Amino acid sequence: MRIASRHMPKFTRRAAGPAWWLLLSLLGASVAYVAIAEPKTFVSVVAVLTVLFALAHLQGKREERKLLALAAARKGQTICEFARDFDARAVDTWIIRAVYEQLQAQLEPMHPAFPVRAEDRLKEDLLLDDDDLDVDLVQEVEARTGRSLDGSTDNPYFGNVKTVRDLVLFFQSQPRSSRAT
């Protein structure tokens, strides 16, 4: 018998390995070389990057205010309200919990325990980009639920995941991994 979803293991990130530290060191050495060999070019590049980072910071603040307003309107909502949007007899509760918790982990820098709803649009409402979804969220949910992403192109939701509900149903349509617990 499968254990209840509230006892599902949490997702843990692996620490950066030596290859990442080596890459970071090489990047730092390259920047130092350019700063010494071509100081005018270096100053120009730093100025452009500073402007771009400032613009990105302002955009991030706008997005943060939007998410905080959305969260304030949903104050007090929990995973219970989210889970009621799904038929627990038809949808694996591990998927429901994993999607909810991993979305909260993605949104935690802006709001701890963000109250996610099934009808939330991933990009427009929750302001997640493709990298957040493909690289982080999907991999984390896969690891927690024991669902495999093999053959995902045959999934009826493939390429049509727009809302949180779609994401849950996408994973519900995926086969269990041979490594599943």
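Counting of residues starts from 1 at the beginning of each chain's written sequence and follows it residue by residue. Where local features are concerned, this predicted model is filtered to residues with pLDDT of at least 70; where side-chain atom pairs are given and counted, the filter is 80 or more; whole-chain, interface and lining totals use all residues. Only hydrogens and water are set aside when side-chain values are computed; all heavy atoms of the structure are taken into account.

**Q** Looking at this model, I keep getting lost on the side chain of glutamine 174. Mind explaining?
**A** Secondary structure elements follow DSSP: runs of H or I of four or more residues count as helices, runs of E of two or more count as strands, with numbering from the N terminus. As for its position among the elements, glutamine 174 is in the segment after helix 6 (164-172). Each residue is assigned to one of three classes by its accessible area relative to the maximum for its type, calculated with a 1.4 Å probe on protein chains only: buried under 20%, partly exposed between the two thresholds, exposed over 50%. Accessibility expressed as a relative area gives 3% for glutamine 174, which makes it buried. Think of a polar contact as two N or O atoms within 3.5 Å of one another; within protein, one of them needs to be a possible hydrogen donor and the other a possible acceptor, and neighboring residues in sequence only count if both atoms come from side chains. In terms of polar contacts, glutamine 174 uses its side chain to reach the backbone carbonyl oxygen of serine 148, at 2.7 Å. The contact definition used throughout considers only heavy atoms, calling two residues in contact when any of these lie within 4.5 Å. If we skip the residues at most four places from it in the chain, glutamine 174 touches Arg147, Ser148, Leu149, Asp150, Gly151, Ser152 and Asn155.

**Q** Help me understand the pattern of salt bridges in this model?
**A** Pairing is possible between side chains of opposite charge, provided their charged atoms come close. Any Lys or Arg side-chain nitrogen found within 4 Å of a carboxyl oxygen on Asp or Glu counts as a salt bridge. Summed over all chains, the structure comprises ten salt bridges. With a closest N to O distance of 3.4 Å, arginine 147 and aspartate 92 form a salt bridge. Of this pair, arginine 147 sits in the loop between helix 5 (130-145) and helix 6 while aspartate 92 is found in the loop between helix 3 (79-83) and helix 4 (93-107), placing the two residues 55 residues apart along the sequence. Just as arginine 147 is buried, aspartate 92 falls in that class too. Among the charged side chains, a network of salt bridges with common partners joins Asp92, Arg147 and Arg176.

**Q** Help me understand the nonpolar core, please; the structure alone is not making it clear to me.
**A** Note on soluble globular proteins: their nonpolar side chains tend to be buried together. Residue types Ala, Val, Leu, Ile, Met, Phe, Trp, Tyr and Cys, when buried and joined through side-chain atoms within 4.5 Å, form a set referred to as a nonpolar core. Counting 29 residues, the largest nonpolar core has Phe82, Val99, Leu103, Leu126, Val164, Val168 and Phe171 as its most contacted members. Counting only elements with at least two residues in this core, the list comes to helix 2 (39-73), helix 3, helix 4, helix 5 and helix 6. By residue number, the principal contributor to this core is helix 4, which donates seven residues. Setting aside residues no more than four positions away along its own chain, leucine 103 makes contact with Val116, Leu122, Leu126, Leu128, Leu137 and Val164.

**Q** Just checking my understanding: could you explain the side chain of threonine 145 for this structure?
**A** Within the secondary structure layout, threonine 145 lies in helix 5. Engagement of the side chain of threonine 145 in a polar contact is seen with the backbone oxygen of valine 141, the distance being 2.8 Å. Engagement of the side chain of threonine 145 in a polar contact is seen with the backbone nitrogen of arginine 147, the distance being 3.3 Å.

**Q** I tried to follow the packing of aromatic side chains on my own but got confused; where do I start?
**A** The geometry of an aromatic ring pair is captured by the separation of the ring centres together with the interplanar angle, meaning the angle of the planes. Only the six-membered ring of Trp is used, alongside the rings of Phe and Tyr, when aromatic pairs are assigned; centres must lie within 6.5 Å, and planes under 30 degrees apart are stacked while those over 60 apart are edge-to-face, with the rest tilted. Applying the stated criterion across every chain yields a total of three aromatic pairs. Their ring planes at 90° and their centres at 5.4 Å tell us that phenylalanine 170 and phenylalanine 171 sit as a pair that is edge-to-face. Ring pairs connect the aromatic residues Phe82, Phe86 and Tyr100, which therefore count as one cluster. It is arginine 165 that lies over the ring of phenylalanine 86; its NZ or CZ is 5.1 Å from the centre. By definition here, charges over rings are those cases where NZ of Lys or CZ of Arg is within 6 Å of the ring centre and within 35 degrees of the ring normal.

By themselves, these observations are geometric and do not establish any function.
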